[in-house]
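Each chain, written out:
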Amino acid sequence: MDAFSTMDDVVFDTLGTVAQVQRPPNPSAPIRLIVRDGVERLGEFQQVVGRARHVVARNREWVFRRGDAVLLEGRTQPVEALVGDDGLVNEAVLHG
């Protein structure tokens, strides 16, 4: 196993949390996610206009799409947009 694969597992095991993710109408699946709260939303002139919750998942477990539902800490939030995907992990911003 290469060093990145090992480190990837360590990071997700240490910082991750298990959440239920659902793509309607399919049933939900438990996925290990890294949650990033308070990520700044920038306006037209790079001023902070708000903060959002982002979630990061490994592509081998789940690739987010707009409309997916994430149940985390007893609260369901839909995926608003996909922020990034580098081929190994993908990041989405949650609505609300």
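A quick note: this is a predicted structure, and the numbers were derived from the prediction, not measured.

Asker: What exactly am I supposed to notice about the pairing of strand β4 (residues 69-72) here?
Answerer: Within a regular strand, the side chains alternate between the two sheet faces. Judged from the three bridges that link them, strand β1 (residues 17-22) and β4 form a sheet pairing that is antiparallel. The residue bridging glutamine 20 from the neighbouring strand is leucine 71, located in β4. Inspection of the sheet shows β4 paired to strand β5 (residues 75-85) by four bridges, in the antiparallel sense. Looking at the pairing, valine 70 lines up with glutamine 77 of β5. Linking two consecutive strands that pair antiparallel, namely β4 and β5, is a turn of two residues; a positive phi of about 55 degrees is found at glutamate 73 within it.

Asker: Explain the pairing of strand β6 (residues 89-94) here, please?
Answerer: Counting buried residues in β6 gives five out of six residues, a clear majority hidden from the surface. The pairing of strand β3 (residues 48-58) with β6 spans six bridges and is antiparallel. Following the sheet pairing, histidine 54 is matched in β6 by valine 93. Across five bridges, the pairing between β5 and β6 is antiparallel. The partner of leucine 82 across the bridge, within β6, is alanine 92. Hairpin geometry of β5 and β6 is characterised by an intervening segment of three residues between the two adjacent antiparallel strands and by a positive phi of about 95 degrees at glycine 87.

Asker: What am I meant to see in unusual backbone geometry here?
Answerer: Among all residues except glycine, the phi angle is most often negative; among peptide bonds, the trans geometry is most common. Residue proline 25 is reached from proline 24 by a cis peptide bond, and omega for that bond is 5 degrees. Note on placement: proline 25 falls in the loop between β1 and β2 (29-42). With a phi close to 65 degrees, glutamine 46 is a non-glycine residue in the positive phi region. Mapped onto the elements of the fold, glutamine 46 is located in the loop between β2 and β3. The exposure class of glutamine 46 is exposed, given its relative accessible area of 56%. At glutamate 73, a residue that is not glycine, the phi angle is positive and equals roughly 55 degrees. Position of glutamate 73 relative to the elements: it lies in the loop between β4 and β5.

Asker: How do you make sense of the environment of aspartate 13 when you look at a structure like this?
Answerer: Structurally, the position occupied by aspartate 13 is in helix α1 (residues 3-15). The exposed category is assigned to aspartate 13, whose relative accessible area is 51%. Counting along the chain gives 77 residues from aspartate 13 to asparagine 90, while the straight-line C-alpha distance between them is 17 Å.

Asker: Explanation requested: the side chain of histidine 54 in the structure shown.
Answerer: Its location among the elements puts histidine 54 in strand β3. By relative accessible area, histidine 54 is classed as buried at 9%. Reaching out from histidine 54, the side chain makes a polar contact with the side chain of glutamate 91 at a distance of 2.8 Å.

Basis of the calculations
- Residues numbered from 1 in each chain as written.
- Predicted model: local features only at pLDDT ≥ 70, side-chain atom pairs only at ≥ 80, totals over all residues.
- Heavy atoms only, no water.
- Pairing = 2+ DSSP bridges.
- Helix = DSSP H or I, 4+ residues; strand = E, 2+ residues; numbered from the N terminus.
- Buried < 20%, exposed > 50% of the residue type's maximum accessible area, 1.4 Å probe, protein only.
- Polar contact = N/O pair within 3.5 Å; in protein donor to acceptor, adjacent residues only side chain to side chain.

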